[in-house]
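Here is what each chain is made of, one letter per residue.
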Amino acid sequence: MRIFGREPVVVLNTLSAVLGLVVSLGITSLTAAQAGATVAVVSAVLGGIAAAMTRPVAPQAFTAIVAAGATAVAAYGYEVSQETVGAINVLVLAVLTLLTRVQVTPSNPSAPTGPTAI
């Protein structure tokens, strides 16, 4: 399955990063707490969808948990601006996507699970 000609994980993580960028640019009228909650929830949901679409699940699930957690900590654990919350989300997603991408493959239930020939 491909979305816009790309693997779903890349598209979903990019979408989540774009949301973080929108928040960091202050385009919305959200407070820092509202922005942090929104970005954390969307990162978690999109990360969960991406994890369900890849095998093994662990690297993508780790990426989603860390991205959502870092955003939530930035929004609620420290007094930081809306821009900082968005910037942390974008940075964490970009770095973790680059690091974990080589460890996952798209899930396709109809594809063979092992080698077909030697």
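Here the residue index of a chain counts from 1 through its sequence in written order. Given that the model is predicted, a residue must reach a pLDDT of at least 70 before its local features are reported, and side-chain atom pairs must reach 80 or more before they are shown or counted; all residues, however, enter totals for whole chains, interfaces and linings. Side-chain figures throughout are based on the complete set of non-hydrogen atoms in the structure, without hydrogens or water.

Asks: What is the right way to read the environment of alanine 51 from this model?
Replies: Put simply, DSSP H or I for four residues or longer makes a helix, DSSP E for two residues or longer makes a strand, and each gets a number counted from the N terminus. By secondary structure assignment, the location of alanine 51 is in helix α2 (residues 32-52). Contacts are assigned to residue pairs with any non-hydrogen atoms lying within 4.5 Å of each other. Setting aside residues up to four positions removed in sequence, alanine 51 forms contacts with Val57, Gln60 and Ala61.

Asks: Help me out: how do you make sense of helix α3 (residues 57-76) in this one?
Replies: Given 3.6 residues to a turn, an α-helix orients residues that are three or four positions apart in the same direction. Expected helix span is taken as 1.5 Å per residue step, with the number of steps being one fewer than the number of residues. Helix length check: α3 (20 residues) gives 28 Å between terminal C-alpha atoms against 28 Å at 1.5 Å per residue, within 8%. Looking at α3, one finds that the buried residues are Pro59, Gln60, Thr63, Ala64, Ala67, Ala68, Thr71, Ala74 and Ala75. Projection of α3 onto a plane perpendicular to its axis shows the buried side chains occupying an angular sector of 155 degrees, all on one side. Residues of α3 that are exposed and angled more than 90 degrees away from the buried face: Ala58, Ile65 and Tyr76. Each residue is placed in one exposure class: buried if its accessible area under a 1.4 Å probe, protein chains only, is under 20% of its type's maximum, exposed if it is over 50%, and partly exposed if it falls in between. To obtain the arc, one takes the directions from the helix axis to the C-beta atoms.

Asks: Is there a simple way to think about the packing of α3 against helix α4 (residues 82-100) in this case?
Replies: Two numbers describe how α3 lies on α4: the axes approach to 9 Å, and their chain directions differ by 165 degrees. As summarised for this structure, α3 and α4 are arranged roughly antiparallel, according to the angle between their axes. Crossing of α3 against α4: the hand is right-handed. Of the residues in α4, those in contact with Pro59, Phe62, Thr63, Val66, Ala67, Ala70, Thr71, Ala74 and Ala75 of α3 are Val85, Ile88, Asn89, Val92, Leu93, Leu96, Thr97 and Thr100. Residues are sorted three ways: Asp, Glu, Lys and Arg are charged, Ala, Val, Leu, Ile, Met, Phe, Trp, Tyr, Cys and Pro are nonpolar, and all the rest, Gly among them, are polar. In the contact of α3 with α4, the residues fall into 12 nonpolar, 5 polar and no charged. Between N-to-C directions, angles span 0 to 180 degrees; the directions come from axes that are lines fitted to C-alpha atoms, helices contributing only their stretch in contact. Roughly parallel covers angles under 35 degrees, roughly antiparallel covers those over 145, roughly perpendicular covers 65 to 115, and oblique covers all other angles. Should the near helix be turned counterclockwise from the far one by less than a right angle, the crossing is left-handed, whereas a clockwise turn marks it as right-handed.

Asks: In this structure, what is going on with the packing of helix α1 (residues 8-24) against α4? I would like to understand it.
Replies: Each packed pair of helices is defined by two parameters, the angle between the axes and the distance between the axes. Interhelical geometry of α1 versus α4 gives an angle of 160 degrees and a closest axis separation of 7 Å. Our classification of the angle between α1 and α4 gives roughly antiparallel. Crossing handedness for the pair α1 and α4: left-handed. From α1, Asn13, Ser16, Ala17, Gly20, Leu21, Val23 and Ser24 reach across to α4, where they touch Gln82, Glu83, Gly86, Ala87, Asn89, Val90, Leu93 and Thr97. Here the residues of the contact of α1 with α4 are counted per class, giving 6 nonpolar, 8 polar and 1 charged.

No statement about biological role is implied by the geometric values presented.
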